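Below are the chains, spelled out letter by letter.
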Amino acid sequence: MYEKLISESIKAKKLSHSPYSKFRVGAALLTKDNKIFHGANVECSSYSLTICAERVAAVKAITEKNKKFKAVAIATDSNDFAFPCGACRQFLSEFSENMDVILVKSKTKYQIYKLQNLFPHKFKLK
Ligand SMILES: [Zn+2]
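Residues numbered from 1 in each chain as written. Predicted model: local features only at pLDDT ≥ 70, side-chain atom pairs only at ≥ 80, totals over all residues. Heavy atoms only, no water.

With that out of the way, let us pick up the coordination of the zinc ion. Here the zinc ion is held by Cys 52 (SG), Cys 85 (SG) and Cys 88 (SG), and the distances to it run 2.3 Å. For the zinc ion, all donor residues lie on one chain, and their spacing in sequence is C-x32-C-x2-C. In this pair, Cys 52 sits in the loop between strand E2 (36-40) and helix H2 (53-62) while Cys 85 sits in the loop between strand E3 (69-76) and helix H3 (86-96), placing the two residues 33 residues apart along the sequence. (Donors = N, O, S within 2.8 Å, 3.2 Å for Na, K, Ca; no water. Helix = DSSP H or I, 4+ residues; strand = E, 2+ residues; numbered from the N terminus.)

Looking now at the pairing of strand E1 (residues 25-31). Burial analysis of E1 places 7 of its 7 residues in the buried class, the great majority of the element. Bridge count between E1 and E3: 7 bridges; the pairing is antiparallel. Bridge pairing in E3 links Ala 27 to Ile 74. For E1 and E2, the ladder comprises 5 bridges, and the chain directions are antiparallel. Counterpart to Leu 29 in the pairing with E2 is Phe 37. Adjacent in sequence and paired antiparallel, E1 and E2 are bridged by 4 residues, among which Asn 34 carries a positive phi angle near 65°. (Buried < 20%, exposed > 50% of the residue type's maximum accessible area, 1.4 Å probe, protein only. Pairing = 2+ DSSP bridges.)

With mixed pairing, the 5 strands of this open sheet are ordered in space as E2-E1-E3-E4-E5. Looking at which strands have only one partner, the edges of the open sheet turn out to be E2 and strand E5 (110-114). Taking each pair of neighbouring strands and ignoring which way they run, the sheet shows an average axis angle of 20°. Strands in contact with helix H1 (residues 3-12) are E1, E2, E3, strand E4 (100-104) and E5; relative to E1, the strand with the most contacts, it is inclined by about 145°. (Axes fitted to C-alpha atoms, helices over the stretch in contact; angles between N-to-C directions. Contact = heavy atoms within 4.5 Å.)

The next point concerns the pattern of salt bridges. The full count for this structure, using the stated rule, is 6 salt bridges. Lys 11 is paired through a salt bridge with Glu 8; the nearest N and O atoms lie 3.1 Å apart. Within this pair, Lys 11 and its partner Glu 8 are both found in helix H1, separated by 3 residues, close to a single helical turn. Residue classification places Lys 11 among the partly exposed residues on the basis of a relative accessible area of 44%. The partner of Lys 122 in a salt bridge is Glu 97, with the nearest N and O atoms 3.5 Å apart. Taken together, the positions of Lys 122 in the segment after helix H4 (115-118) and Glu 97 in the loop between H3 and E4 put the pair 25 residues apart, joining distant regions of the chain. (Salt bridge = Lys/Arg side-chain N within 4 Å of Asp/Glu carboxyl O.)

So, on to the layout of surface pockets. One simple way to see leftover space: roll a probe sized like a water molecule over the atoms. Each pocket or cavity is described by its volume, and for the largest pocket that value is around 190 Å³. Lining of the largest pocket is provided by 16 residues; of these, Phe 23, Val 25, Asn 41, Cys 52 and Glu 54 occupy positions nearest its centre. The residue inventory of the lining of the largest pocket, partitioned by class, reads 10 nonpolar, 4 polar and 2 charged. (1 Å grid on protein atoms, 1.4 Å probe; cavity = no way out; pocket = protein on both sides within 12 Å on 5 of 7 lines; lining within 4 Å. Points joined across faces, edges and corners; volume = space filled by probe spheres on them. Nonpolar A, V, L, I, M, F, W, Y, C, P; charged D, E, K, R; others polar.)

Here the focus is the packing of H2 against H3. As a packed pair, H2 and H3 sit with axes 10 Å apart at the nearest point and diverge in direction by 25°. Here H2 is positioned roughly parallel relative to H3, judged by the angle of their axes. In the crossing of H2 with H3, the sense of the turn from one axis to the other is left-handed. Between H2, through Glu 54, Arg 55, Ala 58, Val 59 and Ile 62, and H3, the contact on the second element is made entirely by Ala 87, Cys 88, Phe 91, Leu 92 and Phe 95. Grouping the amino acids of the contact of H2 with H3 by side-chain chemistry returns 8 nonpolar, no polar and 2 charged. (Parallel < 35°, antiparallel > 145°, perpendicular 65-115°, else oblique. Left-handed = near helix turned anticlockwise from the far one by under 90°.)

Have a look at this one:
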């Protein structure tokens, strides 16, 4: 179902700017209109300014007027499945809390979660 998206997330790791951690993350975000936006983590020497791959992909999509998402695939080089951080869970949930989150080790090794299950209680202004 998500073969293309998974493959694109693996390719997106090449876009990573991670000179400090060497921890590459690639993301491929599928919009409601079936467009794919790529993202990768971008690190900064002031570490807290680092931006995650998922949010890079989401910001690219949102600023191109694509605000509803079906799924995001997240690929790393880790031997473990890497879950999105809390900030990314909050960020994505504001746009599509029912989206799928796909954790990718390889084209054949992946896990699919509902964002709502990973982040059931998002912060809301009201
Ligand atoms: Zn994150």
